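Structural characterization, general
These are the residues of each chain, in order.
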Amino acid sequence: MNRLMQACPLWTDLYELTMMGGFFRSGVAERRAVFDLFFRRIPHDGGYAVVAGLQDALRFLSDLHFEPDELEYLSELGLFPPGFVDRLADFRFTGDVYALPEGTPAFAYEPLLRLEGTLLEAQLVESALLNLINFSTLIASKAARVVQEAGYDKVVEFGLRRAQGPDGSFSATRAAYIGGVAATSNTFAGARLNIPVRGTHAHSWVMAFPDELSAFRAYAESYPDSCILLVDTYDTLGSGVPNAITVGRELRARGHDLYGIRLDSGDLAYLSIEARRMLDAAGFTSTRIVASGDLDEWIIHDLLSQGARIDVWGVGTRLVTGGHDSALGGVYKLAAVERNGHLLPAMKVSDNPAKETLPAKKQVWRLFDGNGTMMADVIALADEELPERDGCVLGYNPHHEYQRKDYAY
């Protein structure tokens, strides 16, 4: 894992290396090329994606080099033309990267990242860049949807134990924070990335004591100024909330207060409404109610529509794994390549219009109205001015040209 994070060039698909070997043998390896990284479908049935992963991508490119043992491994494969592995000994990425900033809304078919370099270096980094940006953008987009539904400063990412391995959990926490979550339970990511960390206790804490009340008292003794009690181990409304109120009164007698309770199972709408009523009746109107348990934006929307009284949402599995969308589906396609000293457009043609690519070196113009509200993105050639007609920008769908609209900005 450490070598991957330090930019191991073997973190790629074999066909990238075989193509590089072919470029080298054909004498075209040092030709200039332009590649676009983009996606074709917005994830999570949403209206936009949120770009993430750029920092890791740039770190990968800046540190990229082959170690002696990696060159030896490639030689032992016996796949590559003479001299190719020797050429890789002094390999460094020397190209240029143009990208949307992390946290930026993005849409289908527009380049999240444009890479300009030699065919050799641009081809090597395809798989790694897609891995870094696809996953992070997927999770940041999911987080933005959850936060938009739940409310800002109300979501804590709880997904460490359900994420796809150690790097998956770290990357997911970072991306979720870019997407808008307020904090994480992942202390490793919190320490490395300076993200606020939050946490309560598990059911095992309650079960480790003779009874629920003694467990709550022990926790309150340990953390009197940040006491959040998990109230659903046995009977949420019959014992959990009443015992939490008892401990809350004891905390107040010592000059502290009950910070919150957590619900992790059952009918969260009903339980939160009743818990709020009980807490308020006992004078704990500022005590927060935290909810967790396989939540996502759809469930949060449903709970709020039922009148749930939840102040903080702990969202884990369906956030850090992407939920129903397990991958972004981003692609990395050649947009231009040098021939006879000129950078010429390149385009993939397909019987499926959705898989055709937009040729040439491009840029994205983001249009705002007079109130500063975003209206649209326009993909244009890198060296052209904004296309105007009668003072407006004419935008159209390249796959369905009858879909056209004028934007006054």
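A quick note: this is a predicted structure, and the numbers were derived from the prediction, not measured.

Cut-offs applied
Residues numbered from 1 in each chain as written. Predicted model: local features only at pLDDT ≥ 70, side-chain atom pairs only at ≥ 80, totals over all residues. Heavy atoms only, no water. Helix = DSSP H or I, 4+ residues; strand = E, 2+ residues; numbered from the N terminus. Buried < 20%, exposed > 50% of the residue type's maximum accessible area, 1.4 Å probe, protein only. Contact = heavy atoms within 4.5 Å. Pairing = 2+ DSSP bridges. Patch = residues over 30% accessible without salt bridge, like charges linked within 9 Å, V, L, I, M, F, W, Y side chains within 5 Å. Areas by Shrake-Rupley, 256 points an atom, 1.4 Å probe, with all protein chains shown as cover. Salt bridge = Lys/Arg side-chain N within 4 Å of Asp/Glu carboxyl O. Lys, Arg positive; Asp, Glu negative; His and termini not counted. Charge placed at Lys NZ, Arg CZ, Asp CG, Glu CD. Core = buried A, V, L, I, M, F, W, Y, C linked by side-chain atoms within 4.5 Å. Phe/Tyr/Trp six-rings, centres within 6.5 Å; stacked < 30°, edge-to-face > 60°. Lys NZ or Arg CZ within 6 Å of the ring centre and 35° of its normal.

1. Some thoughts on the overall build of the protein
Within the protein, the secondary structure is distributed over 15 helices and 18 strands. Referenced to the eigenvectors of the C-alpha coordinate spread, the extents of the protein come out at roughly 85 × 60 × 35 Å. Counting every position in the protein, which comprises 409 residues, the buried fraction comes to 48%. Sequence-distant contacts, at least 24 apart, represent 69% of the contacts inside the protein between residues at least 6 apart.

2. A word on the sheet that holds strand β10 (residues 288-292)
One open sheet accounts for 6 strands, arranged β7-β6-β11-β10-β9-β8; its pairing is parallel. Strands at the two margins of the open sheet, each flanked by one partner only, are β7 (183-184) and β8 (228-230). Bridge analysis of strand β6 (residues 155-157) against strand β11 (residues 312-315) gives 3 bridges, and the strand direction is parallel. Pairing of V155 across the sheet is with W313, part of β11.

3. Some remarks on unusual backbone geometry
Even without being glycine, H44 reaches a positive phi, approximately 65 degrees. In this fold, H44 is placed in the loop between β1 (32-39) and β2 (49-50). On the basis of relative accessibility, which here comes to 6%, the residue H44 falls in the buried class. In this structure, N194 takes a positive phi of about 60 degrees despite not being glycine. Among the structural elements, N194 can be located in the loop between α9 (187-193) and α10 (203-207).

4. Brief notes about a negative patch on the surface
On the surface, E67, D69, E72 and E76 cluster together to form a negatively charged patch. Mapped onto the fold, E72 is located in helix α4 (residues 68-77). Owing to a relative accessible area of 47%, E72 belongs among the partly exposed residues under this scheme.

5. A look at the nonpolar core
Counting residues in hydrophobic clusters, the biggest one holds 97 residues, and the most contacted among them are F60, L115, L129, I261, W313 and Y332. Element by element, the count of residues in this core is highest for helix α7 (residues 126-150), at 13 residues. Listed in part, the 6 residues of the second largest apolar core include L367, V378, V393 and Y407.

6. Comments concerning the packing of aromatic side chains
Each aromatic ring pair is summarised here by two numbers: the centre-to-centre distance and the angle between the ring planes. Taken as a whole, this structure holds 10 aromatic pairs when the rule is applied. Centre to centre, the rings of W205 and Y219 are 5.4 Å apart; their planes meet at 80 degrees, and the pair counts as edge-to-face. You can see W205 sitting in helix α10 and its partner Y219 sitting in helix α11 (residues 212-222), a full 14 residues away along the chain. Among the residues examined, Y219 registers a relative accessible area of 7% and is labelled buried. An aromatic cluster is present here, built from W205, F209, Y219 and Y223 joined pairwise through their rings. Positioned above the aromatic ring of Y98, the side-chain terminus of R114 is 4.2 Å from the ring centre. R252 extends its terminal NZ or CZ atom over the ring of F284, reaching a point 3.9 Å from the ring centre.

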